[in-house]
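One-letter residues, chain by chain:
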Number of protein chains: 2
Amino acid sequence: MKRIKCTVAYDGTLFNGYQRQPGQRTVQGEIEAALEKICKVPITIHSSGRTDTGVHAYGQVFHFDSEVNMDGTRYVRALNSMLPEDIYVLDSHEVHPEFHSRYHGKIKEYRYKLSLNTYNPMKRHYVYYHRRPLDVAKMREAMTYLLGTHDFTSFCGNLDEINKERTIYRAELLDEEGELTFIFVGNGFLRYMIRIMVGTLIQVGEGRKQPEDIKKILEMRDRRLAGHTAKPQGLYLQRVDYPEELLKPLTDIEE
Amino acid sequence: MKRIKCTVAYDGTLFNGYQRQPGQRTVQGEIEAALEKICKVPITIHSSGRTDTGVHAYGQVFHFDSEVNMDGTRYVRALNSMLPEDIYVLDSHEVHPEFHSRYHGKIKEYRYKLSLNTYNPMKRHYVYYHRRPLDVAKMREAMTYLLGTHDFTSFCGNLDEINKERTIYRAELLDEEGELTFIFVGNGFLRYMIRIMVGTLIQVGEGRKQPEDIKKILEMRDRRLAGHTAKPQGLYLQRVDYPEELLKPLTDIEE
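Residues numbered from 1 in each chain as written. Chains lettered and ligands numbered in written order. Predicted model: local features only at pLDDT ≥ 70, side-chain atom pairs only at ≥ 80, totals over all residues. Heavy atoms only, no water.

Some thoughts on the domain arrangement of chain A
Residues and elements named next belong to chain A. Each domain of chain A was delimited in the assignment, giving domain 1 (2–104) and domain 2 (108–238). A C-alpha centroid distance of 28 Å is found between domain 1 and domain 2. Every contact between the two is made by 15 residues of domain 1 and, on the other side, 13 residues of domain 2. Between domain 1 and domain 2, the buried area comes to about 1200 Å², and carbon and sulfur atoms account for 52% of it. Taken together, the connections running from domain 1 to domain 2 amount to two salt bridges. Across the salt bridge formed by Arg195 and Asp52, the nearest N and O atoms sit 3.9 Å from each other. Linking domain 1 to domain 2 there are 10 residue pairs in polar contact (both at pLDDT 80 or more). Its residues assigned to classes, the side of domain 1 that touches domain 2 shows three nonpolar, nine polar and three charged. (Domains from an automatic or database assignment. Contact = heavy atoms within 4.5 Å. Buried area = accessible area lost by both parts, 1.4 Å probe. Salt bridge = Lys/Arg side-chain N within 4 Å of Asp/Glu carboxyl O. Polar contact = N/O pair within 3.5 Å; in protein donor to acceptor, adjacent residues only side chain to side chain. Nonpolar A, V, L, I, M, F, W, Y, C, P; charged D, E, K, R; others polar.)

Structure representation (structure tokens):
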């Protein structure tokens, strides 16, 4: 038995989210259907986490176990020959049998793309178009309050989540001539957390909230104090990092 | 009666081409339906030329006549509030009553995007992915033979076209780290002409044809000698230029 780790990019536009659901087109459903053809038995994949409908990925990670006697790197080509054109496997290789995409993801990076420029119909599924000007300096100031370890209850869309403490290591806002990219790197993110942070930062950029309000919103642990949930089409799961020692199969590890 | 000129961008992916056809979703059909709501009478629009299924536009031009007593510039907002999200009107204004989008377009620019990089599912409808390396210097050399006035029979997909002479003023190939953009500026282009030129240039880039073969292919006036028709998703109608004197309404012209 081999445990295989894959990195995958997908366009979330035409999927009903990531997670398998009967009768729905989902990323997980498409990948499992392709793997079943390759491995000749039903295969369940485990991802680093779900993405919602319309959310994209450049670096989603999943793993699965296979009895097929094939080098782990060969799944890239095998899967891409079977998968629809909106999913593309970038990398595959055998990992440690205890590697787990979800439990061992130690760092995740998400990006959110927002444009202040003229609407471009070619980018409508890949960028959120905001019609009013935004004060980028104020938004950057607001983002400094999100850095570090906080209880993110105010920025969480899922009431059932028990532990709402997360750590954000990096929060950056790039501005390339009105094409903004929010970069968030952390040890994990709650459901809708990035989109609620972006929705709140937009309010700061519009002058409807002050940068220092972020501090209070975090302290109050009340979802109603944060902004709306920004639209999904600007959001990208960029990368998931794992501990080095789990990324090699058992046989490669020196005694 | 006012003659109105509009510049429009559209994503060609979900249209059955530009030209109105009964029962099909077309760019012309959508724009005419929106104009009928605004003007309360059926309106026929005239474009600078058709684009084929899957082909995009950043600067398609069309005109129409309207009896509505409304400033020509106001059609931008009126149309965009009615049009689907894959069409966006960039500009509208009243022009000379003899202005004609098709007959007076003196210069057209098309671009074709081709990528030599890793497949990106987010760009699959907007760039053509070529899997083998291409010799960009050889392709650029080949493009010099296309410049000037030629009979483009070998690069024409429409047998019914009578006059196949066209002039290309500019033929350029940008290479931004493997993201190639072909730029063609000319006094007009035959059906599939850009895509056949690109298909032929790809063969040059692969070493299957030599740059100087382009000269012979033009001289022989035989479609079978040129390459295949490159896929539509990389093609963009970028802009159409008109004579200055036709771009102003009659009332603005000094006596």
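Alright, that's what it looks like, and here's the rest.
Digging into the pairing of strand β5 (residues 107–115) of chain B
Residues and elements named next belong to chain B. Here six bridges tie β5 to strand β10 (residues 235–241), and the two strands are oriented antiparallel to one another. Note on β10: the bridge partner recorded for Glu109 is Arg239. Taken together, the eight bridges between β5 and strand β9 (residues 179–186) define a ladder with antiparallel strand orientation. The residue bridging Lys108 from the neighbouring strand is Gly186, located in β9. (Pairing = 2+ DSSP bridges. Helix = DSSP H or I, 4+ residues; strand = E, 2+ residues; numbered from the N terminus.)

Remarks on the interface of chain A and chain B
Accessible area lost during the coming together of the parts is what is often quoted as the interface size. Taken together, the contact pairs 21 residues of chain A with 21 residues of chain B. Taken together, both faces of the contact between chain A and chain B bury some 1700 Å²; the carbon and sulfur share is 64%. Linking chain A with chain B are six salt bridges. Across the pair A:Glu85 and B:Arg124 runs a salt bridge, and its minimum N-O distance is 3.5 Å.

Some thoughts on the relation of the copies chain A and chain B
Mapping chain A onto chain B calls for a screw motion: a turn of 180 degrees about the axis and a shift of 0.0 Å along it, with 0.0 Å RMSD after fitting. In short, the pair behaves as if placed about a two-fold rotation axis. Measuring from the rotation axis to each C-alpha of chain A, the shortest distance belongs to A:Lys123, at 4.6 Å. (Least-squares fit on C-alpha atoms with pLDDT ≥ 70 in both.)

Overview of the packing of helix α3 (residues 136–144) of chain B against helix α4 (residues 193–205) of chain B
All names here are of chain B. The N-to-C vectors of α3 and α4 enclose an angle of 135 degrees; their axes lie 8 Å apart at closest approach. Here α4 runs oblique to α3, going by the angle between their axes. The chirality of how α3 crosses α4 is right-handed. Every residue of α4 that contacts α3 at Lys138, Met139, Ala142 and Met143 is listed here: Leu201, Ile202, Val204 and Gly205. Taken together, the residues that form the contact of α3 with α4 break down as six nonpolar, one polar and one charged. (Axes fitted to C-alpha atoms, helices over the stretch in contact; angles between N-to-C directions. Parallel < 35°, antiparallel > 145°, perpendicular 65-115°, else oblique. Left-handed = near helix turned anticlockwise from the far one by under 90°.)

Examining the environment of B:Arg74
Checked against the element boundaries, B:Arg74 lands in the loop between β3 (56–66) and α2 (75–82). Placed 18 residues apart in sequence, B:Arg74 and B:Ser92 show a C-alpha to C-alpha distance of 7.2 Å.

Thoughts on helix α5 (residues 213–220) of chain A
All names here are of chain A. All buried positions along α5 are accounted for by Asp213, Ile214, Ile217 and Leu218. Taken around the axis of α5, the buried residues stretch over an arc of 140 degrees, which confines them to a single face. Facing away from the buried side of α5 by more than 90 degrees, the exposed set consists of Glu219 and Met220. Along its buried surface, α5 packs onto α3 (136–144), β7 (148–151) and α4 (193–205). Once α5 ends, the next one or two residues include Arg221, with phi positive near 50 degrees. (Buried < 20%, exposed > 50% of the residue type's maximum accessible area, 1.4 Å probe, protein only. Arc of directions from axis to C-beta.)

Section: the UniProt feature "binding site: substrate" (unreviewed entry) in chain A
Residues and elements named next belong to chain A. Mapped onto the present numbering, the UniProt feature "binding site: substrate" (unreviewed entry) falls at Tyr110. Position of Tyr110 among the secondary structure elements: in strand β5 (residues 107–115). Apart from the residues lying within four places of it in its own chain, the contact partners of Tyr110 are Arg50, Phe182, Ile183, Phe184, Phe189, Ile194, Leu235, Tyr236, Leu237 and Gln238. (UniProt positions renumbered as here; feature names shortened; annotations may be inferred.)

Remarks on unusual backbone geometry
Most peptide bonds take the trans configuration, and most residues that are not glycine carry a negative phi. Unusually for a residue other than glycine, A:Glu177 sits at a positive phi of about 50 degrees. Given a relative accessible area of 75%, A:Glu177 falls into the exposed group. Although it is not a glycine, B:Tyr192 sits at a positive phi angle of roughly 65 degrees. Checked against the element boundaries, B:Tyr192 lands in the loop between β9 and α4.

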